[in-house]
Amino acid sequence: EAGVAQSPRYKIIEKRQSVAFWCNPISGHATLYWYQQILGQGPKLLIQFQNNGVVDDSQLPKDRFSAERLKGVDSTLKIQPAKLEDSAVYLCASSQKTGEGTEAFFGQGTRLTVV
Amino acid sequence: TQLLEQSPQFLSIQEGENLTVYCNSSSVFSSLQWYRQEPGEGPVLLVTVVTGGEVKKLKRLTFQFGDARKDSSLHITAAQPGDTGLYLCAGYSNYQLIWGAGTKLIIKP
(Lines give C-alpha, C1' and ligand atoms only; values in the text may rest on other atoms or scores of the structure.)
Protein backbone atom coordinates (compact mmCIF):
# COMPACT_ATOMS: atom_id res chain seq x y z
CA GLU A 1 0.00 0.00 0.00
CA ALA A 2 1.45 3.36 -1.02
CA GLY A 3 1.92 5.86 1.78
CA VAL A 4 1.20 9.56 1.95
CA ALA A 5 3.17 11.39 -0.73
CA GLN A 6 4.39 14.95 -0.29
CA SER A 7 6.37 17.29 -2.49
CA PRO A 8 8.71 18.98 -2.57
CA ARG A 9 10.90 17.50 0.20
CA TYR A 10 12.82 20.72 0.70
CA LYS A 11 12.18 24.35 -0.19
CA ILE A 12 14.17 27.52 0.47
CA ILE A 13 12.52 30.86 -0.23
CA GLU A 14 13.04 34.47 0.71
CA LYS A 15 10.63 36.21 3.05
CA ARG A 16 7.62 37.73 1.35
CA GLN A 17 7.73 35.13 -1.43
CA SER A 18 4.99 32.55 -1.89
CA VAL A 19 5.26 28.77 -1.71
CA ALA A 20 2.97 25.79 -2.24
CA PHE A 21 3.12 22.25 -0.93
CA TRP A 22 1.35 19.24 -2.37
CA CYS A 23 -0.01 16.12 -0.68
CA ASN A 24 -1.47 12.90 -2.06
CA PRO A 25 -3.09 10.87 0.76
CA ILE A 26 -3.46 7.12 1.02
CA SER A 27 -6.13 5.92 -1.40
CA GLY A 28 -9.53 5.77 0.22
CA HIS A 29 -8.64 7.95 3.21
CA ALA A 30 -11.39 10.52 3.68
CA THR A 31 -9.60 12.65 6.27
CA LEU A 32 -6.54 14.75 5.45
CA TYR A 33 -4.51 16.88 7.85
CA TRP A 34 -1.82 19.52 7.42
CA TYR A 35 0.54 20.01 10.37
CA GLN A 36 3.34 22.49 11.02
CA GLN A 37 6.26 21.15 13.06
CA ILE A 38 8.78 23.74 14.21
CA LEU A 39 12.16 22.37 15.30
CA GLY A 40 12.00 21.13 18.88
CA GLN A 41 8.20 21.16 19.02
CA GLY A 42 5.41 18.72 18.40
CA PRO A 43 3.18 18.96 15.33
CA LYS A 44 0.59 21.73 15.30
CA LEU A 45 -2.60 21.12 13.34
CA LEU A 46 -3.16 23.77 10.67
CA ILE A 47 -6.20 22.35 8.91
CA GLN A 48 -8.25 19.16 8.74
CA PHE A 49 -10.38 18.10 5.77
CA GLN A 50 -13.12 15.50 5.67
CA ASN A 51 -13.41 14.65 1.97
CA ASN A 52 -13.30 18.13 0.42
CA GLY A 53 -14.85 19.98 3.35
CA VAL A 54 -12.97 21.77 6.13
CA VAL A 55 -13.50 20.28 9.60
CA ASP A 56 -11.05 22.41 11.60
CA ASP A 57 -8.95 25.37 10.50
CA SER A 58 -8.92 27.20 13.82
CA GLN A 59 -5.11 27.38 13.97
CA LEU A 60 -4.53 28.29 10.32
CA PRO A 61 -3.17 31.85 9.93
CA LYS A 62 -5.71 32.74 7.31
CA ASP A 63 -4.13 36.07 6.41
CA ARG A 64 -1.24 34.21 4.77
CA PHE A 65 -2.02 30.49 4.69
CA SER A 66 -4.59 28.78 2.48
CA ALA A 67 -5.37 25.16 1.72
CA GLU A 68 -7.68 23.32 -0.58
CA ARG A 69 -8.64 19.75 -1.28
CA LEU A 70 -10.42 19.69 -4.59
CA LYS A 71 -12.30 16.48 -5.43
CA GLY A 72 -11.56 15.17 -1.94
CA VAL A 73 -8.22 13.60 -2.83
CA ASP A 74 -5.03 15.65 -3.31
CA SER A 75 -4.43 18.78 -1.31
CA THR A 76 -2.27 21.87 -1.57
CA LEU A 77 -1.14 24.22 1.19
CA LYS A 78 -0.02 27.71 0.21
CA ILE A 79 1.80 30.43 2.11
CA GLN A 80 1.72 33.97 0.74
CA PRO A 81 3.66 35.98 1.76
CA ALA A 82 6.07 33.86 3.80
CA LYS A 83 7.64 35.09 7.04
CA LEU A 84 10.85 33.96 8.75
CA GLU A 85 8.81 32.27 11.49
CA ASP A 86 7.17 30.00 8.89
CA SER A 87 10.40 28.00 8.70
CA ALA A 88 9.31 24.50 9.73
CA VAL A 89 8.48 21.02 8.48
CA TYR A 90 5.02 20.82 6.95
CA LEU A 91 3.52 17.38 7.44
CA CYS A 92 0.54 15.96 5.63
CA ALA A 93 -1.34 13.03 7.16
CA SER A 94 -4.40 11.02 6.25
CA SER A 95 -6.76 8.63 8.00
CA GLN A 96 -9.67 6.41 7.01
CA LYS A 97 -12.01 8.12 9.41
CA THR A 98 -11.97 10.94 11.87
CA GLY A 99 -12.29 11.10 15.62
CA GLU A 100 -10.75 9.67 18.72
CA GLY A 101 -8.25 6.85 18.47
CA THR A 102 -7.99 7.13 14.70
CA GLU A 103 -4.58 6.21 13.31
CA ALA A 104 -3.13 8.95 11.15
CA PHE A 105 -0.52 8.08 8.55
CA PHE A 106 2.07 10.79 7.90
CA GLY A 107 4.09 11.73 4.85
CA GLN A 108 7.80 12.52 5.03
CA GLY A 109 7.09 16.24 5.17
CA THR A 110 8.35 19.31 3.37
CA ARG A 111 11.14 21.21 5.12
CA LEU A 112 10.66 24.93 4.47
CA THR A 113 13.39 27.43 5.15
CA VAL A 114 12.52 31.12 4.86
CA VAL A 115 15.56 33.42 4.63
CA THR B 1 -4.80 26.01 27.15
CA GLN B 2 -4.24 22.29 27.39
CA LEU B 3 -0.63 21.21 27.42
CA LEU B 4 1.14 17.90 27.28
CA GLU B 5 4.60 18.10 28.82
CA GLN B 6 7.11 15.45 27.92
CA SER B 7 10.20 14.64 29.93
CA PRO B 8 13.04 14.40 29.58
CA GLN B 9 13.41 16.52 26.46
CA PHE B 10 16.56 14.65 25.52
CA LEU B 11 18.01 11.28 26.58
CA SER B 12 21.18 9.58 25.41
CA ILE B 13 21.98 6.11 26.80
CA GLN B 14 23.99 3.02 25.97
CA GLU B 15 22.56 0.01 24.19
CA GLY B 16 21.12 -2.50 26.64
CA GLU B 17 20.01 0.02 29.27
CA ASN B 18 16.41 0.57 30.34
CA LEU B 19 14.64 3.92 30.20
CA THR B 20 11.33 5.59 30.90
CA VAL B 21 9.94 8.75 29.33
CA TYR B 22 6.93 10.64 30.57
CA CYS B 23 3.97 12.56 29.22
CA ASN B 24 2.13 14.71 31.78
CA SER B 25 -0.78 17.11 31.82
CA SER B 26 -3.10 18.84 34.25
CA SER B 27 -5.97 17.97 31.91
CA VAL B 28 -7.85 14.72 31.49
CA PHE B 29 -7.59 13.01 28.12
CA SER B 30 -10.09 10.49 26.82
CA SER B 31 -7.30 8.64 25.03
CA LEU B 32 -3.62 9.06 24.36
CA GLN B 33 -1.34 8.02 21.55
CA TRP B 34 2.43 7.50 21.34
CA TYR B 35 4.30 8.08 18.09
CA ARG B 36 7.92 7.64 17.04
CA GLN B 37 9.45 10.01 14.51
CA GLU B 38 12.77 9.30 12.84
CA PRO B 39 14.84 12.08 11.21
CA GLY B 40 13.40 13.14 7.87
CA GLU B 41 10.24 11.11 8.36
CA GLY B 42 6.74 11.69 9.65
CA PRO B 43 5.54 10.31 13.01
CA VAL B 44 4.44 6.67 13.11
CA LEU B 45 1.80 5.51 15.58
CA LEU B 46 3.05 3.03 18.19
CA VAL B 47 0.02 2.62 20.46
CA THR B 48 -3.27 4.12 21.62
CA VAL B 49 -4.34 3.82 25.27
CA VAL B 50 -7.91 4.60 26.26
CA THR B 51 -8.60 3.28 29.77
CA GLY B 52 -7.18 4.71 33.00
CA GLY B 53 -4.50 2.35 34.32
CA GLU B 54 -4.21 0.55 31.00
CA VAL B 55 -0.90 -1.09 30.17
CA LYS B 56 0.05 -2.10 26.65
CA LYS B 57 3.18 -3.88 25.52
CA LEU B 58 4.82 -3.74 22.12
CA LYS B 59 7.84 -6.06 22.20
CA ARG B 60 10.34 -4.24 24.49
CA LEU B 61 8.14 -1.16 24.83
CA THR B 62 5.62 -0.86 27.67
CA PHE B 63 3.06 1.94 27.65
CA GLN B 64 0.95 2.92 30.65
CA PHE B 65 -1.96 5.35 30.92
CA GLY B 66 -2.34 6.97 34.33
CA ASP B 67 -5.33 6.06 36.49
CA ALA B 68 -6.67 9.61 36.21
CA ARG B 69 -5.95 9.74 32.45
CA LYS B 70 -3.76 12.81 32.88
CA ASP B 71 -0.40 11.19 32.28
CA SER B 72 1.34 8.35 30.50
CA SER B 73 4.71 6.68 30.45
CA LEU B 74 6.75 4.72 27.95
CA HIS B 75 9.30 2.22 29.28
CA ILE B 76 11.87 0.63 26.98
CA THR B 77 13.71 -2.48 28.15
CA ALA B 78 17.19 -3.28 26.82
CA ALA B 79 17.24 -0.33 24.43
CA GLN B 80 18.70 -0.87 20.98
CA PRO B 81 20.11 1.62 18.43
CA GLY B 82 17.00 1.06 16.34
CA ASP B 83 14.95 2.67 19.12
CA THR B 84 16.61 6.02 18.37
CA GLY B 85 14.10 8.70 17.45
CA LEU B 86 11.74 11.39 18.67
CA TYR B 87 8.97 9.98 20.85
CA LEU B 88 5.79 12.07 20.78
CA CYS B 89 2.66 11.72 22.87
CA ALA B 90 -0.67 13.11 21.72
CA GLY B 91 -3.90 13.21 23.71
CA TYR B 92 -7.52 13.54 22.64
CA SER B 93 -9.61 16.09 24.50
CA ASN B 94 -12.79 17.76 23.30
CA TYR B 95 -12.36 16.15 19.87
CA GLN B 96 -8.93 17.75 19.45
CA LEU B 97 -5.57 16.01 19.38
CA ILE B 98 -3.05 17.83 21.60
CA TRP B 99 0.63 17.08 20.96
CA GLY B 100 3.61 17.13 23.30
CA ALA B 101 6.99 18.49 22.18
CA GLY B 102 8.61 15.06 22.28
CA THR B 103 11.54 13.27 23.87
CA LYS B 104 14.58 12.90 21.64
CA LEU B 105 16.12 9.51 22.38
CA ILE B 106 19.57 8.39 21.23
CA ILE B 107 20.76 4.84 21.86
CA LYS B 108 24.51 4.48 21.47
CA PRO B 109 25.90 1.11 20.32
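Scoring rules and cut-offs
- Residues numbered from 1 in each chain as written.
- Chains lettered and ligands numbered in written order.
- Predicted model: local features only at pLDDT ≥ 70, side-chain atom pairs only at ≥ 80, totals over all residues.
- Heavy atoms only, no water.
- Salt bridge = Lys/Arg side-chain N within 4 Å of Asp/Glu carboxyl O.
- Buried < 20%, exposed > 50% of the residue type's maximum accessible area, 1.4 Å probe, protein only.
- Core = buried A, V, L, I, M, F, W, Y, C linked by side-chain atoms within 4.5 Å.
- Helix = DSSP H or I, 4+ residues; strand = E, 2+ residues; numbered from the N terminus.
- Contact = heavy atoms within 4.5 Å.
- Buried area = accessible area lost by both parts, 1.4 Å probe.
- Disulfide = S-S within 2.5 Å.
- Polar contact = N/O pair within 3.5 Å; in protein donor to acceptor, adjacent residues only side chain to side chain.
- Pairing = 2+ DSSP bridges.
- Axes fitted to C-alpha atoms, helices over the stretch in contact; angles between N-to-C directions.
- Phe/Tyr/Trp six-rings, centres within 6.5 Å; stacked < 30°, edge-to-face > 60°.

Asks: So what exactly am I meant to see when it comes to the pattern of salt bridges here?
Replies: Should their charged atoms come close, side chains of opposite charge can pair. All names here are of chain A. Scanning all chains against the criterion turns up five salt bridges over all chains. One salt bridge in this structure joins D57 and K62, with 3.7 Å as the shortest N-O distance. Looking at D57, the relative accessible area reads 26%, which means it is partly exposed.

Asks: Looking at this structure, how should I read the nonpolar core?
Replies: The nonpolar side chains of a soluble globular protein tend to be buried, and buried together. One finds L19(B), L32(B), W34(B), F63(B), L74(B) and I76(B) to be the most contacted residues of the largest nonpolar core, which totals 22 residues. Taken together, the elements giving at least two residues each to this core come down to strand 3 (19–24), strand 4 (31–37), strand 5 (44–49), strand 7 (61–65), strand 8 (71–76), strand 9 (85–93) and strand 11 (103–108) of chain B. Not counting residues up to four positions away in its chain, the partners in contact with I76(B) are E17(B), N18(B), L19(B), R60(B), L61(B), D83(B), Y87(B) and L105(B). Listed in part, the 21 residues of the second largest apolar core include V4(A), C23(A), L46(A) and I47(A).

Asks: Even after reading the chapter, I still don't get the interface of chain A and chain B, so can you show me in this structure?
Replies: A common way to report how large an interface is uses the accessible area buried once the components associate. Listed by partner, the interface residues are 19 residues for chain A and 19 residues for chain B. With both chains or domains summed, chain A and chain B bury close to 1,300 Å², and 46% of this area falls on carbon and sulfur atoms. When the buried surface of chain A facing chain B is broken down by residue, P43(A), E100(A) and F106(A) rank first, second and third, together holding 32% of it. Remark: the boundary between chain A and chain B carries zero salt bridges.

Asks: How should I be thinking about the state of the cysteines in this particular structure?
Replies: Here, the word disulfide means a covalent bond between the sulfur atoms of two cysteines. All names here are of chain A. Inspection of the entire model under this criterion finds two disulfides over all chains. Here C23 engages in a disulfide with C92; their sulfurs sit 1.9 Å apart. Across the S-S bond of C23 and C92 the torsion is about -70 degrees, and the bridge reads as left-handed. With a gap of 69 residues between them, C23 in strand 3 (residues 19–24) and C92 in strand 9 (residues 88–95) connect regions that are remote in the sequence. Assigned by exposure class, C23 and C92 land together as buried.

Asks: For this particular structure, what's the right way to read the side chain of E54(B)?
Replies: Residues and elements named next belong to chain B. Tracing the backbone shows E54 in the loop between strand 5 and strand 6 (55–58). You can call E54 buried: its relative accessible area is 17%. Only 2.8 Å separates the side chain of E54 from the backbone nitrogen of V50, close enough to count as a polar contact. Filtering out sequence-adjacent residues up to four positions away, E54 remains in contact with T48, V49, F63, Q64 and F65.

Asks: Where do I start with the sheet that holds strand 7 of chain B in this structure?
Replies: Pairing between the strands of a sheet is mediated by backbone hydrogen bonds and can be parallel or antiparallel. Residue and element names in this part refer to chain B. Pairing is antiparallel in the open sheet, where five strands are placed in the order 1-3-8-7-6. Edge positions in the sheet fall to strand 1 (5–7) and strand 6, since each has one partner strand and no second. Mean inter-strand twist for the sheet, computed between neighbouring axes without regard to direction, equals 15 degrees. Where strand 7 meets strand 8, five bridges bridge the pair, whose relative direction is antiparallel.

Asks: Got a minute to help me understand the packing of aromatic side chains in this structure?
Replies: Each aromatic ring pair is described using two quantities: the centre-to-centre distance and the angle formed by the ring planes. Throughout the structure, instances matching the rule amount to nine aromatic pairs over all chains. Centroid distance F106(A) to W99(B): 6.1 Å. Interplanar angle 85 degrees. Geometry classified as edge-to-face. Here F106(A), found in strand 10 (residues 105–106), pairs with W99(B), found in strand 10 (residues 96–99), and the two come from separate chains. Members of the aromatic cluster, each reached through a chain of ring pairs, are Y33(A), Y35(A), F106(A), Y35(B) and W99(B).

Asks: What is the right way to read the side chain of S25(B) from this model?
Replies: Inspection of the secondary structure puts S25(B) in the loop between strand 3 and strand 4. If near-sequence neighbours (up to four positions away) are discounted, S25(B) is found in contact with L3(B), L4(B) and K70(B).

Asks: How should I be thinking about the sheet that holds strand 1 (residues 5–7) of chain A in this particular structure?
Replies: Residues and elements named next belong to chain A. Taken in spatial order, the four strands line up as 1-3-8-7 in an open sheet, and their pairing is antiparallel. Both outer strands of the open sheet, strand 1 and strand 7 (65–68), are each paired with one neighbouring strand and no more. Neighbour to neighbour, the strand axes of the sheet diverge by 15 degrees on average, direction disregarded. Note: strand 7 against strand 8 (residues 75–79), four bridges, orientation antiparallel. The residue of strand 8 that forms the bridge with F65 is I79.

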